[in-house]
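Spelled out, the chains give:
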Amino acid sequence: MKFFVEFGGIRFRFDSDCDIIVENTFAPFLRTCEAAPDVHVRLIHDFSDAPLPRSPMLGDDLLMEYYDHNGRILCLTKGGEGRFLASCLCAPDLKEMTCWLNFPAGSPLDTLGGILRMLPMRRIMTLHGVLFFHASQIGLGDKGILFAAPSGTGKTTQAKLWRRHRGAQILCNDRTLTDGSLTYGYPMDGSEPVITGECRSLGAIVVLEQAPRNSVRALRPREILLHLMPQLVLDAGDPAAAAAAAELLLNLIPQTPVYLLRCTPDEYAVQCLEQQLFMDGVISHE
């Protein structure tokens, strides 16, 4: 089975030795094969030949353990009780990888959504120049406006307020990708997913804080790093990924306004931010 998908402008080719289920939610991200892939993934439903660690662990997070394997990257997906769900051997540039799956074809995990959780997607995005934000996104004309904040701060609330009071389109609720120029959705989008394959020009990033009164101001470069680094979806304990993400953020700063919006959960917050966006030319009255 062969198919192509695209996330954040990165084109993936999947070759599987068995048919897997591609859920309907991935339909906006499916592509034809006219262009060469950025990442080629081979899937093997036989774990008996899967590579296992031969050296000390380089690091781990809630999902994976990472090892050096003769100069390549070995990613093992944790399955509990000392069992691994997958072993993924990757080229150093993460453009080629083979993933041995430790579950049979046709099992509940044997879907595209399940298999993406077996791959080092966060590292792939970072190494290909794409920032993976814990953020909601609205579309205003051809511009994408991101709301970045910790869970429970009100990202989804602010997006819904813009839809209700200004007719904005909600493009993402919890996961947003950007290469610094364009913004994209992602099919795994939190508890209230919005699945769209649309992209927009990156207009602004808005960091949210709850407050009794509304105020907005542009953040200085140092503040941008302090506020946005915690909102990036990164591999925990991976200094190289964090350094690469910080460099991408630094490249983004000169061309993208980043604001701190201290806000209430009502239309007054929309009015406050809207006035600033108009004044700075991020959006227009047209």
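See the structure printed just above.
The rules we used
- Residues numbered from 1 in each chain as written.
- Predicted model: local features only at pLDDT ≥ 70, side-chain atom pairs only at ≥ 80, totals over all residues.
- Heavy atoms only, no water.
- Salt bridge = Lys/Arg side-chain N within 4 Å of Asp/Glu carboxyl O.
- Buried < 20%, exposed > 50% of the residue type's maximum accessible area, 1.4 Å probe, protein only.
- Helix = DSSP H or I, 4+ residues; strand = E, 2+ residues; numbered from the N terminus.
- Contact = heavy atoms within 4.5 Å.
- Phe/Tyr/Trp six-rings, centres within 6.5 Å; stacked < 30°, edge-to-face > 60°.
- Lys NZ or Arg CZ within 6 Å of the ring centre and 35° of its normal.

Turning next to the pattern of salt bridges. Evaluated as defined, the whole model comprises 13 salt bridges. Where Arg200 meets Glu198, a salt bridge forms, and the shortest distance between an N and an O atom there is 2.8 Å. Across the pair Glu223 and Arg217 runs a salt bridge whose closest N-O atoms are separated by 2.8 Å. On the basis of relative accessibility, which here comes to 14%, the residue Glu223 falls in the buried class. Bridged by salt links that share partners, the residues Glu6, Arg11 and Arg31 form one connected network.

Another point: the environment of Leu202. Within the secondary structure, Leu202 is located in strand E16 (residues 199-210). Taking the C-alpha atoms as reference points, Leu202 and Thr256, separated by 54 residues in sequence, lie 7.3 Å from one another. When neighbours within four sequence positions are excluded, Leu202 is seen to be in contact with Gly144, Leu146, Thr178, Gly180, Ser181, Leu182, Thr183, Leu252 and Thr256.

On to the packing of aromatic side chains. Taken as a whole, this structure holds 7 aromatic pairs when the rule is applied. Plain terms: the ring middles of Phe132 and Tyr186 are 4.9 Å apart, the flat faces sit at 65° to each other, and that makes the pair edge-to-face. Taken together, the positions of Phe132 in strand E10 (residues 131-133) and Tyr186 in the loop between strand E15 (182-185) and E16 put the pair 54 residues apart, joining distant regions of the chain. Across the pair, Tyr186 and Phe132 agree in class, each one buried. Here the aromatic residues Phe3, Phe7, Phe12, Phe14, Phe26, Phe29, Phe132 and Tyr186 are joined through ring pairs into a cluster of three or more. We note Arg123 situated over the ring of Tyr66; from NZ or CZ to the ring centre the distance is 3.9 Å.

Honestly, it's all geometry; don't read function into it.
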